[in-house]
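# Coordinate analysis (summary)
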Amino acid sequence: PDGMVYWTNGTRIGRLSGAVPRDVVTPAPNPVPIATATTGGLPAGRYQVCFTALGADGESASTEPAAIALPNGGGIAFSGLTAGTLIYATGPDGEVFNEIPSGDYLSPSTDGAPCDTFMLSAMPAGQALAHYKGSLLVARGRWLYVSEPYRYGLHNPRRGFMPFPADISVVQPCEDGVYVCADKTYWLPGDVMATTPVVLLPYGALPGSAAFDETTQTAYWQGPEGAVIARPSGALSVPQDDALIFKPAETGFTWVRELLGDRHLVTARLGVTTP
């Protein structure tokens, strides 16, 4: 939806704006600015502050909050601020982080915008990724990470993930759910973070073998028993199961091809083992 191409190779994650490489999100401030107590006009209490960076790739996740206890007439001085650093702070004994003007925090200021990226984390790199209902899905090992809605570079580390029993090889959304292939093939209907996985097949899929036909809303990948055809609502079939015998393979490739009015499914299995 943002017109960019997202990619991951297992160790890195990024996006492309045309031919220009971009980060998935602006990195958080590093090193983190330092907050120290000073004199000012703040009421006594326990204050908390955090920082974000605002750049071409949006606002970063926040830094860990720092707490400072001040007497009446105190203030907070900052060092290490750089261009693009935003400061968020609470009031005395408060819990809501609001943006304050750049510079030292010397007088009450609680009418700034709240910190929308508070305690979020950057999306990790992984071996598979997909887009579903406004969120980026990234499979890293056996964990499926789900970004915040329309914040493709950030996820909530407290709830934005789902574990599976084995490493995930395929993540393939359809219009009303997501197929996930790990030790088995699972269907996640509806909202990924508010659903119960349904087991559809007792095995997973070859890494890299997924393809999707936008015209028919049909997904394809390859499992141990050949090509798998998957449609919305968790409806899938394995047409080669009783017709062909396949040797184990390391990865696969699937291509939906249309030529002269005919549609074909072209598959390849790579790294096939021999007896």
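Structure first, text after, so check above.
What this report covers is the structure whose coordinates are included nearby.

Analysis parameters
Residues numbered from 1 in each chain as written. Predicted model: local features only at pLDDT ≥ 70, side-chain atom pairs only at ≥ 80, totals over all residues. Heavy atoms only, no water. Patch = residues over 30% accessible without salt bridge, like charges linked within 9 Å, V, L, I, M, F, W, Y side chains within 5 Å. Areas by Shrake-Rupley, 256 points an atom, 1.4 Å probe, with all protein chains shown as cover. Salt bridge = Lys/Arg side-chain N within 4 Å of Asp/Glu carboxyl O. Helix = DSSP H or I, 4+ residues; strand = E, 2+ residues; numbered from the N terminus. 1 Å grid on protein atoms, 1.4 Å probe; cavity = no way out; pocket = protein on both sides within 12 Å on 5 of 7 lines; lining within 4 Å. Points joined across faces, edges and corners; volume = space filled by probe spheres on them. Pairing = 2+ DSSP bridges. Axes fitted to C-alpha atoms, helices over the stretch in contact; angles between N-to-C directions. Phe/Tyr/Trp six-rings, centres within 6.5 Å; stacked < 30°, edge-to-face > 60°. Core = buried A, V, L, I, M, F, W, Y, C linked by side-chain atoms within 4.5 Å. Buried < 20%, exposed > 50% of the residue type's maximum accessible area, 1.4 Å probe, protein only. Contact = heavy atoms within 4.5 Å.

## A short note on a nonpolar patch on the surface
The grouping of Phe253, Trp255 and Val266 at the surface amounts to a nonpolar patch, some 290 Å² of accessible area in total. In this fold, Phe253 is placed in strand β25 (residues 251-259).

## Some points on the layout of surface pockets
The computed volume of the largest pocket comes to approximately 310 Å³. In terms of lining, the largest pocket is formed by 19 residues, of which the most central are Leu129, Ala130, Val171, Gln172 and Pro173. Mapped onto the lining of the largest pocket, the elements with two or more residues apiece are β12 (128-132), β17 (170-174) and β21 (211-213). Tallying contributions element by element places β17 first for the lining of the largest pocket, with 5 residues.

## Thoughts on the sheet that holds β21
Taken in spatial order, the 4 strands line up as β21-β22-β23-β24 in an open sheet, and their pairing is antiparallel. Because the sheet does not close on itself, it has two edges, and the strands there are β21 and β24 (235-237). Neighbour-to-neighbour, the strand axes of the sheet open up by a mean angle of 25 degrees, direction not taken into account. Sheet topology note: the strand β23 (residues 226-231)/β24 ladder contains 3 bridges and is antiparallel. The residue bridging Arg231 from the neighbouring strand is Ala235, located in β24.

## Side note on the packing of aromatic side chains
Under the counting rule described, the total for this entry stands at 9 aromatic pairs. Consider the rings of Trp143 and Phe161, whose centres lie 5.6 Å apart with planes at 65 degrees: the pair is edge-to-face. In this pair, Trp143 sits in strand β14 (residues 143-148) while Phe161 sits in strand β16 (residues 161-163), placing the two residues 18 residues apart along the sequence. Through a chain of ring-to-ring contacts, three or more aromatic side chains come together here, namely Tyr6, Tyr150 and Tyr152.

## Side note on the sheet that holds strand β1 (residues 5-8)
Ordered by their spatial adjacency, 3 strands build an open sheet running β1-β2-β3, and the pairing between neighbours is antiparallel. Two strands close off the open sheet at either side, each with one partner strand: β1 and β3 (20-22). Strand-to-strand, the axes of this sheet are offset by a mean angle of 30 degrees, without reference to chain direction.

## As for the nonpolar core
One finds Leu144, Phe164, Ile168, Val171, Val178, Leu188 and Val192 to be the most contacted residues of the largest nonpolar core, which totals 17 residues. Breaking this core down by element, the ones donating at least two residues are β12, β13 (135-140), β14, β18 (177-181) and β19 (185-189). Looking at this core, the element that brings in the most residues is β12, giving 3 residues. Residues in contact with Ile168, not counting those within four places in the same chain, are Gln127, Ala139, Gly141, Arg142, Trp143, Leu144, Val180, Cys181 and Ala182.

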